[in-house]
Amino acid sequence: MTERMNLGSLAREAYRGMAFLDHFVAASPLPSSLVHLINLRASQINGCVYCVDMHSADAKKEGESDARLHAVAVWREAPFFTERERAALAFTEAATRLSTDDVTDAVWNEAAAHFGEEEMAALVVAVAAINAWNRIGVSTRMTPESYQP
């Protein structure tokens, strides 16, 4: 599989806008360890190899365990996640799979029970941002930075 284009060079302003969303999320009250889990789970669902590679590597650099990284895909069955993380992962799945489900009141209320209003706003933006990045990565077939042919 080869990359179709370098969107960063062809649509610089759009890429800068996406980077601004990332900056917002990084400066939000959400811990980076949670943002990595959110980004990894959405990227798995969306099949974005570039983002799965990048976010798992970034999480690992920040001290995330292999066990937790491997278990993100099966987080509901895994004992490694807190109730707060589970609420964020459930929200991530619901907001990512809008075509098959919805962010139900139950999913929203469970997340809201673990996150304050400002954190919920950041959670909504974090999930929206990674889904947009996934669509860029998948449609342009971005090659993972760790790939060495």
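Once a new chain begins, its residue numbering starts again from 1 and follows that chain's sequence as written. Given that the model is predicted, a residue must reach a pLDDT of at least 70 before its local features are reported, and side-chain atom pairs must reach 80 or more before they are shown or counted; all residues, however, enter totals for whole chains, interfaces and linings. Side-chain calculation: all heavy atoms of the structure are included, whereas hydrogens and water are not.

Quick look at helix H4 (residues 49-61)
Move 1: Numbering of helices and strands runs from the N terminus; a helix is a DSSP stretch of H or I covering at least four residues, while a strand is a stretch of E covering at least two. Take the residue count of a helix, subtract one, and multiply by 1.5 Å to get its expected span. Between its terminal C-alpha atoms H4 stretches 18 Å, which fits the 18 Å expected from 13 residues at 1.5 Å a residue.
Move 2: When we look at burial in H4, the residues that qualify are Tyr50, Cys51, His55 and Ala59. An end-on view of H4 places all buried positions within 140° of arc, on one side of the element.
Move 3: Contacts: residue pairs with any heavy atoms within 4.5 Å of one another. The inward-facing, buried residues of H4 abut helix H3 (32-46), helix H5 (66-71) and helix H8 (117-140). Think of it in three bands: with a 1.4 Å probe and only protein chains considered, a residue is buried below 20% of the maximum accessible area for its type, exposed above 50%, and partly exposed in between. Note that the arc is defined by the directions from the helix axis to the C-beta atoms.

Focus: the pattern of salt bridges
Move 1: Salt bridge, as applied in this entry: a Lys or Arg side-chain nitrogen positioned within 4 Å of an Asp or Glu carboxyl oxygen. In this structure the tally under the stated criterion is eight salt bridges.
Move 2: Between Arg68 and Glu64 there is a salt bridge whose closest N-O contact spans 2.5 Å.
Move 3: Owing to a relative accessible area of 12%, Glu64 belongs among the buried residues under this scheme.
Move 4: Notably, a salt bridge pairs Arg68 with Glu85, separated by 2.8 Å at the nearest N-O pair. In this pair, Arg68 sits in helix H5 while Glu85 sits in helix H6 (residues 83-96), placing the two residues 17 residues apart along the sequence.
Move 5: By relative accessible area, Glu85 is classed as buried at 11%.
Move 6: What emerges from the salt-bridge pattern is a single network uniting Arg41, Arg76, Glu93 and Arg97.

Focus on the side chain of His55
Move 1: Looking at the secondary structure, you find His55 in helix H4.
Move 2: Residue His55 is classed as buried on the basis of its relative accessible area, which comes to 9%.
Move 3: In contact with His55, not counting residues within four places along its chain, are His36, Asn39, Leu40, Ser43 and Ile130.

Topic: the packing of aromatic side chains
Move 1: Stacked, tilted and edge-to-face are the three classes applied to pairs of Phe, Tyr and Trp rings, where Trp contributes its six-membered ring and a pair requires centres within 6.5 Å; stacked means planes under 30 degrees apart, edge-to-face means over 60, and tilted covers the rest. One pass over the full model with this rule turns up two aromatic pairs.
Move 2: Look at Tyr15 and Trp133: their rings are 5.0 Å apart centre to centre, the planes differ by 85°, and that puts the pair in the edge-to-face class. Residue Tyr15 is found in helix H2 (residues 12-27), and its partner Trp133 is found in helix H8; the two are separated by 118 residues along the sequence.
Move 3: Here Phe91 and Trp108 contribute two aromatic rings whose centre-to-centre distance is 5.9 Å and whose plane-to-plane angle is 65°, an arrangement assigned as edge-to-face. Here Phe91, found in helix H6, pairs with Trp108, found in helix H7 (residues 105-114); they are 17 residues apart in sequence, far enough to count as distant.
Move 4: Under the relative-accessibility criterion, Phe91 is labelled buried at 3%.
Move 5: For Trp108, a relative accessible area of 35% corresponds to the partly exposed category.

Some remarks on the UniProt feature "domain: Carboxymuconolactone decarboxylase-like" (unreviewed entry) in the protein
Move 1: Those residues carrying the UniProt feature "domain: Carboxymuconolactone decarboxylase-like" (unreviewed entry) are residues 14-93 in this numbering.
Move 2: A helix fraction of 74% and a strand fraction of 0% characterise residues 14-93, whose end C-alpha atoms lie 25 Å from each other. UniProt positions are given in the numbering used here, feature names are shortened, and annotations may be inferred rather than shown by experiment.

Observations regarding the packing of H6 against H7
Move 1: For the pair H6 and H7, the least separation of the axes is 9 Å and the interaxial angle reads 145°. H6 and H7 meet at a crossing whose hand is left-handed. For the pair formed by H6 and H7, the contact residues are Glu83, Arg84, Ala87, Ala90, Phe91 and Ala94 on the first element and Val107, Trp108, Glu110, Ala111 and His114 on the second.
Move 2: Of the residues that constitute the contact of H6 with H7, the class distribution is seven nonpolar, one polar and three charged. Where helices are involved, their axes are fitted lines through C-alpha atoms of the stretch in contact, as for all axes, and angles between N-to-C directions lie from 0 to 180°. Left-handed describes a crossing whose near helix is turned anticlockwise from the far helix by less than a right angle; the clockwise case is right-handed. Each residue receives one of three labels: charged for Asp, Glu, Lys and Arg, nonpolar for Ala, Val, Leu, Ile, Met, Phe, Trp, Tyr, Cys and Pro, and polar for the others, Gly being one of them.

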